[in-house]
Amino acid sequence: MSLRAGSIDVHIGRTRRIGTRSLVSFLISASTPMTVLAGGVVAAFASRAPLSQERGGIMHPLQRLTAGEIDLARELFEAAGLSGETVRFANLSLEEPPKDEVLAFEPGDPLDRRVRAVLLDVATGRTRIVLASLTRSAVEDVREIDNGVDGQPPILLEEFIAVDEIVKADEGWRAAMARRGVTNLDLLRPCPLSAGDFGIEGEPGRRLLRVLSFVANRPEDHCWAHPVDGVVAYVDLTEKRVTELIDHEVLPIPAEEGNFDDPGYVGPWRSSLRPIEISQPEGPSFTVDGDEVVWEGWRFRIGFDPREGLVLHQLSIQDRPLIYRASIAEMVVPYADPARVRFWQNYFDAGEYLLGQQVSSLTLGCDCLGEIRYLDAVLPDGEGRPRTVENAICVHEEDFGVLWKHTDLFTESRETRRQRRLVVSYFVAVGNYDYGFYWYLYLDGRIQLEVKVTGVLFTSSYVTDSRWASEVAPGLGAPYHQHLFNARLDMTVDGLSNAVDELDLVRVPAGPDNRHGNAFTRAATRLTRESAPRLADSSVGRTWRIVNPNRTNRLGQPVGYQLQPEGQPVLLADDSAPIARRAAFATRHLWVTRYDPAERYPAGELVNQHPGGAGLPAFVAGDRPIDGEDIVLWHTFGTTHVPRVEDWPVMPVQSCGFSLQPVGFFDRNPTLDVPAH
Ligand SMILES: [Cu+2]
């Protein structure tokens, strides 16, 4: 409804060289000076020396929060009377300054380090979102949350543990387990699962988890092989009790074990694999200086957020800005089984479980091969104390096969160049699943994100001829589900002013201009307003080209980068489903919004038990113009998982993602200078 018919693209192959100028310097010089901070100061505490004197070492406004800063935040909150015995830090993260301030920053400029915290009183459920300046020792804003309207804070680690005690103390739940032949509580594994919002009477405003259960044959037996199905407990975390027990049907507990780490189950290891060693005798070609990484013309800062995990900041190539900020801002895993005990299964692993908090330490030789540079992650725990996850982020360089090659018929020229990529990655374990997030930067200017989905399937007791699950082992079901991610890409292609063209291939009917019917062309349609999020269409090879209308290449074409979607299905749940309202972002492949620093999360700020409508649907409600503005792309991608027998007992990596490649951004192939050896 807000599309404007555009031009037809023509491929031109002439060569003429002109220089390119630094658009990073353009961005900096064009930015407005640092503005006065908004928001009234609620309270100021001058008893401590300012951060800059006491806990220095902060060199850049986007530098990751240090352990010292996390301590300082906790102390500031204590002094302000915001914390206490029963108050938990459900989240605590760096509040990044607005973009114009960051772009105007020069080394040595004063910094105002700010944090945002989600505080939960576990005794009462009272929730507050607090903004504070560590530099000025000031609490700037305290917002009281109405949980029934605004949602709940993410699930705390301690609540995982609490659930175990709560259900095991419940007589009804124990009786339900006993009816299924399980009486040894030590081997029962209640699984704390986010509750969602289904308009169930009495639920709004209560802090809930729903609990499906598994049983191990002995402590080291993986319980996922033995779902104790047909029963679910609803747990109120504030009242610390089971509020509802749905004992729907008694189903057999699958008996066969699936212990992929047990040599007795696995059998003898194959002996045919010879070692592969990667060596870079002169060291890698990249440098890591603090959070800043430089490699082959690429430059960016690494961020790590408790909620979004790995963040790439201020990504540029050859000193030309490309992406101001890139992250996986949300993901959801909706399940397809409508059974009474599991219709509610939908996990927002970022908004409900905090992706970054689930980060795993990586091991050299297992997770990463070659010349690796690791970065640790420093994260706040529930008490607001810093904890360090060693080797959380892996940076390395990979050979990636042939970059380009030609053997010429006429000149007998034979040239081959090899491709390389820089890899920045980390892994999380969220319950049964593990996800690896891999950003790749290539020599030819391509950017790629690959999500590696692995771990263990969420299982059920297989019901004969199920329409909603695969049988993966005798009597063991694995319900169909989707893994849907949303990448927030704050684009700055050669500057702040960007626009998006939707590019479709078009068949042309035979006619006077096309007598032999061979013609096809490409149509470009400019996206002009926010309110028309887009679907991919692989039948027309649909891509989205982000251009800077004010910058042209030497052929006079606007410089651009093209988002190449995989175009897998978006959310498959019915439009009327509660999950379609809560995960509206996942109903389209592409949303484009005008930059607003407050618009961070595709499904809204507090996703846990949120009734829906927050995030992208709210952001686009104003239908702001997006043609030639400072814009943010939100790209939904993912994989729909109909589990295979081969996914059991542990799932080989399935990949999904997207790529961004230069289109007319450079003036010719930018890799001619790559040496042959
Ligand atoms: Cu899956």
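Preceding this paragraph is the structure being described.
Everything quoted here is computed from the prediction, not taken from an experiment.

What follows deals with the pairing of strand β29 (residues 558-565). Walk down a regular strand and you will see the side chains alternate between the two sheet faces. The buried fraction of β29 amounts to six of the eight residues, a majority that puts the element mostly inside the structure. In this structure, strand β28 (residues 543-552) lies alongside β29, joined through six bridges in antiparallel fashion. Bridge pairing in β29 places I546 opposite Y561. Following β28, the chain reverses through five residues before pairing antiparallel with β29; G556 in that reversal takes a positive phi of roughly 85 degrees.

So, on to the coordination of the copper ion. Within the protein, the atoms that donate to the copper ion are Y433 (OH), H481 (NE2), H483 (NE2) and H641 (ND1), at distances of 1.9 to 2.0 Å. Viewed at the metal, the four donor atoms of the copper ion are separated by angles of 95 to 134 degrees, and the geometry they form is tetrahedral. Read in sequence order, the donor residues coordinating the copper ion give the pattern Y-x47-H-x1-H-x157-H. With Y433 in strand β20 (residues 433-442) and H483 in strand β25 (residues 481-491), the pair connects residues that are 50 residues apart, well separated along the chain.

With that settled, consider the pattern of salt bridges. According to the stated counting rule, one finds 50 salt bridges in the structure shown. Two residues, R88 and E158, come together in a salt bridge whose shortest N-O distance is 2.6 Å. Separated by 70 residues along the polypeptide, R88 in strand β3 (residues 87-95) and E158 in helix α6 (residues 157-168) bring together distant segments of the chain. Owing to a relative accessible area of 33%, E158 belongs among the partly exposed residues under this scheme. The salt bridge partner of D623 is R529, with a shortest N-O separation of 3.7 Å. Residue D623 is found in the loop between α10 (616-619) and β31 (631-641), and its partner R529 is found in the loop between β27 (520-527) and β28; the two are separated by 94 residues along the sequence. Overall, D623 belongs to the partly exposed group, its relative accessible area being 21%. Classification of R529 as partly exposed rests on a relative accessible area of 35%. Salt bridges here are not isolated pairs; linked through shared partners, they connect E95, R116, R143 and E605.

The next thing to look at is the environment of E249. One can find E249 in the loop between β10 (241-247) and α8 (263-266). In sequence terms E249 and A80 are 169 residues apart; their C-alpha atoms lie 52 Å from each other. Residues contacting E249, with those up to four places away along its chain left out, are R180, D229 and G230.

Moving on: the sheet that holds strand β7 (residues 188-194). Spatial strand order, β7-β8-β9-β10: four strands in an open sheet with antiparallel pairing. Edge positions in the sheet fall to β7 and β10, since each of these pairs with one other strand and no more. When strand polarity is set aside, the average angle formed by the axes of neighbouring strands in this sheet is 30 degrees. By the bridge criterion, six bridges tie strand β8 (residues 208-215) to strand β9 (residues 227-236) in an arrangement that is antiparallel. Each bridged residue has a counterpart across the sheet, and for F214 the counterpart in β9 is P227. Running at roughly 125 degrees to β7, α6 makes contact with β7, β8, β9 and β10 of the sheet. Contacting β7, β8, β9 and β10, helix α7 (residues 171-179) runs over the sheet at an angle of about 30 degrees to β10.

Rules used throughout
Residues numbered from 1 in each chain as written. Predicted model: local features only at pLDDT ≥ 70, side-chain atom pairs only at ≥ 80, totals over all residues. Heavy atoms only, no water. Buried < 20%, exposed > 50% of the residue type's maximum accessible area, 1.4 Å probe, protein only. Helix = DSSP H or I, 4+ residues; strand = E, 2+ residues; numbered from the N terminus. Pairing = 2+ DSSP bridges. Donors = N, O, S within 2.8 Å, 3.2 Å for Na, K, Ca; no water. Tetrahedral: all angles 85-135°; square planar, octahedral: opposite > 155°, others 65-115°. Salt bridge = Lys/Arg side-chain N within 4 Å of Asp/Glu carboxyl O. Contact = heavy atoms within 4.5 Å. Axes fitted to C-alpha atoms, helices over the stretch in contact; angles between N-to-C directions.

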